[in-house]
Amino acid sequence: MLSLRKGKVLSSPSLFCKHVRNITGFGAGDAPDHQTVPIAEARRFAEACMASVNAKDSHAKLLSELLVTADCRGHYSHGMNRLEMYVRDIQQGSTSITAEPEIERSTDSTALVNGNSCLGPPVGQLSMDLAIEKAKKNGVGWVAAHSSNHYGIAGWYALRACDQGLIGLSFTNTSPLQVPTRGRECVLGTNPIALAAPGKDGDSFVLDMATSTAAIGKVEVCKRKETDVPNGWGVASNGQQTNDPNQVLNGGGLLPLGGVEVSGGYKGYGLAMMVEVFCGILSGSHFGTGIRRWMGQHDVTANLGQCFIAVDPNCFAPGFEDRMQSLMSYCRNMPTAAGETSVLVAGDPEREHLRDVAARGGVRYHDNLITAMGKLSDELRVPPIRPLSS
């Protein structure tokens, strides 16, 4: 049995997952406290906000595409929920509106990119496309970047490689938000891992996950929606588990993937450290507690480290896509546990969400987010976001 605070008991993993989606997602089916925003309108609004703080047109377009893509895939923690953060970073000078990322060092299969404190997406796009180019020529491309900023969902970059028949991987370090196993201080970030691998006929395996039990954005969404966080997500300032998102965000921290030590949290801690090796240590960026705090330091340069890898499966055993498809099909069609309806593979929930967005004619956003975006539009003097119902 899976239990939550206030006497909520959930008898199966599927019910638990549905509960988590309901409390963390700004899009929640036909809930009356949500409104549908057309994709083009969401992009228009994000672009207008970035233009109002003098971001380059190309950078603003890329960021708006990435944010709305995150929402369309159901990753609401990294979509429009993040827009204000990018605005503040530019307003307070930690993100450059004039620079472009540049290649500092390069070999046949590796490169080091200087992000020059640009918005994260332009840095990530240059780095991933460079890794793809090298993989097509030499089988593998491995690119590390420093002096970058928050780059959105890691999966967006891995998918760039996958869409061209390659295996794509993407990683980034982040502000210290995660408390190591047996610790009480935030040392590592959510440090996400993304891997996208092509199957047959456009199908793919797309893993995109934080190495903490949950991304900090999901805790923020719970706070915005005034709901509890599930057990195992975070701790208060004393290092003890809490269901109060305010305690997690104010003096507490996130637990590693797996939660506490007895349930395997030390493994998530190890994975977060691995990402830090690939990103901060390898690129020469800030790392660990040397990275600025998550909120309240928009005037401090982030200098995040990121890593992008592309691999050509054709350089290995023939038939990669066939075997990939076979494994995914086996999992999807296997007998389910009692009370379950299907077994999914990484990327299936996102595909389902994309179909739902297409059927509805837009993305479902919670009223609280629409209100927050209204305040931002007033401040920046840009036309407000317009849901279908208005």
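For the structure, check the block above.
Keep in mind that this is a model prediction, so the values were computed, not measured.

**Concerning the sheet that holds strand β11 (residues 241-242)**
Spatially, the three strands line up as an open sheet ordered β11-β10-β12, and their pairing is antiparallel. The two strands at the open ends of the sheet, each matched to only one other strand, are β11 and β12 (253-254).

**Details of unusual backbone geometry**
At Arg182, a residue that is not glycine, the phi angle is positive and equals roughly 75°. Along the chain, Arg182 turns up in the loop between β7 (167-172) and β8 (193-198). Since its relative accessible area comes to 74%, Arg182 is described here as exposed. Even without a glycine there, the phi angle at Arg381 is positive, about 60°.

**Side note on the side chain of Arg292**
Counting through the fold element by element, Arg292 comes out in the loop between α9 (265-283) and β13 (304-311). A polar contact is formed between the side chain of Arg292 and the backbone oxygen of Gln297, at a distance of 3.3 Å. Ignoring anything within four residues of it in the chain, the contact list for Arg292 reads Asp89, Ser94, Ser175, Pro176, Gln297, His298, Val300, Thr301 and Ala302.

**Notes on empty space enclosed by the protein**
For the structure shown, the criterion picks out one cavity of 30 Å³ or more. Size it by volume and the largest cavity reaches roughly 80 Å³. Lining the largest cavity we find Met85, Asp89, Asn149, His150, Thr174, Ser175, Ile291, Arg292, Arg293, Trp294, Ala302 and Leu304. Here the lining of the largest cavity is composed, by residue class, of five nonpolar, four polar and three charged.

**Quick look at the nonpolar core**
Judged by nonpolar contacts, the single largest core of 43 residues is most densely connected at Phe45, Cys49, Met50, Met80, Leu83, Tyr365 and Met373. Looking at this core, the elements with two or more residues in it are α2 (39-52), α3 (57-72), α4 (83-91), α7 (216-225), β14 (363-366) and α12 (367-380). When neighbours within four sequence positions are excluded, Met373 is seen to be in contact with Phe45, Met80, Leu83 and Ile385. Of all hydrophobic cores here, the second largest spans 29 residues; its members include Ala131, Ile132, Ala145 and Phe308.

**Notes on the environment of Thr181**
Examined against the element boundaries, Thr181 turns out to sit in the loop between β7 and β8. Residue classification places Thr181 among the buried positions, given a relative accessible area of 17%. For the pair Thr181 and Pro256, spaced 75 residues apart in sequence, the C-alpha to C-alpha distance is 7.3 Å. With residues near it in sequence (within four places) discarded, Thr181 still touches Pro256, Glu261, Gly265, Tyr266 and Tyr269. A polar atom in the side chain of Thr181 sits 3.4 Å from the backbone nitrogen of Tyr266.

**Details of a nonpolar patch on the surface**
A contiguous nonpolar surface patch, about 360 Å² in accessible area, is contributed by Met273, Val277, Ile281 and Phe287. As for its position among the elements, Phe287 is in the loop between α9 and β13.

**What to know about the pairing of strand β5 (residues 110-114)**
If a strand is regular, its side chains alternate between the two faces of the sheet. Most of β5 is tucked away, with four of its five residues classed as buried. Sheet analysis places strand β4 (residues 102-106) next to β5, joined by four bridges and oriented antiparallel. Within β5, the residue paired with Ile103 across the bridge is Val113. Here β4 folds back onto β5, and the loop between the two strands holds three residues. Pairing analysis gives five bridges linking β5 to strand β6 (residues 140-148), with the strands arranged parallel.

**Section: the packing of α3 against helix α5 (residues 120-138)**
Viewed as axis vectors pointing N to C, α3 and α5 meet at an angle of 85°, and their least axial separation amounts to 8 Å. One element, α3, and the other, α5, form an angle in the roughly perpendicular class. Together, His59, Leu62, Leu63 and Leu66 of α3 and Pro121, Pro122 and Gln125 of α5 make up the contact between the two elements. Class assignment for the residues of the contact of α3 with α5 results in five nonpolar, two polar and no charged.

What counts as what
- Residues numbered from 1 in each chain as written.
- Predicted model: local features only at pLDDT ≥ 70, side-chain atom pairs only at ≥ 80, totals over all residues.
- Heavy atoms only, no water.
- Pairing = 2+ DSSP bridges.
- Helix = DSSP H or I, 4+ residues; strand = E, 2+ residues; numbered from the N terminus.
- Buried < 20%, exposed > 50% of the residue type's maximum accessible area, 1.4 Å probe, protein only.
- Polar contact = N/O pair within 3.5 Å; in protein donor to acceptor, adjacent residues only side chain to side chain.
- Contact = heavy atoms within 4.5 Å.
- 1 Å grid on protein atoms, 1.4 Å probe; cavity = no way out; pocket = protein on both sides within 12 Å on 5 of 7 lines; lining within 4 Å.
- Points joined across faces, edges and corners; volume = space filled by probe spheres on them.
- Nonpolar A, V, L, I, M, F, W, Y, C, P; charged D, E, K, R; others polar.
- Core = buried A, V, L, I, M, F, W, Y, C linked by side-chain atoms within 4.5 Å.
- Patch = residues over 30% accessible without salt bridge, like charges linked within 9 Å, V, L, I, M, F, W, Y side chains within 5 Å.
- Areas by Shrake-Rupley, 256 points an atom, 1.4 Å probe, with all protein chains shown as cover.
- Salt bridge = Lys/Arg side-chain N within 4 Å of Asp/Glu carboxyl O.
- Axes fitted to C-alpha atoms, helices over the stretch in contact; angles between N-to-C directions.
- Parallel < 35°, antiparallel > 145°, perpendicular 65-115°, else oblique.

Treat this as a map of the structure, not an account of what it does.
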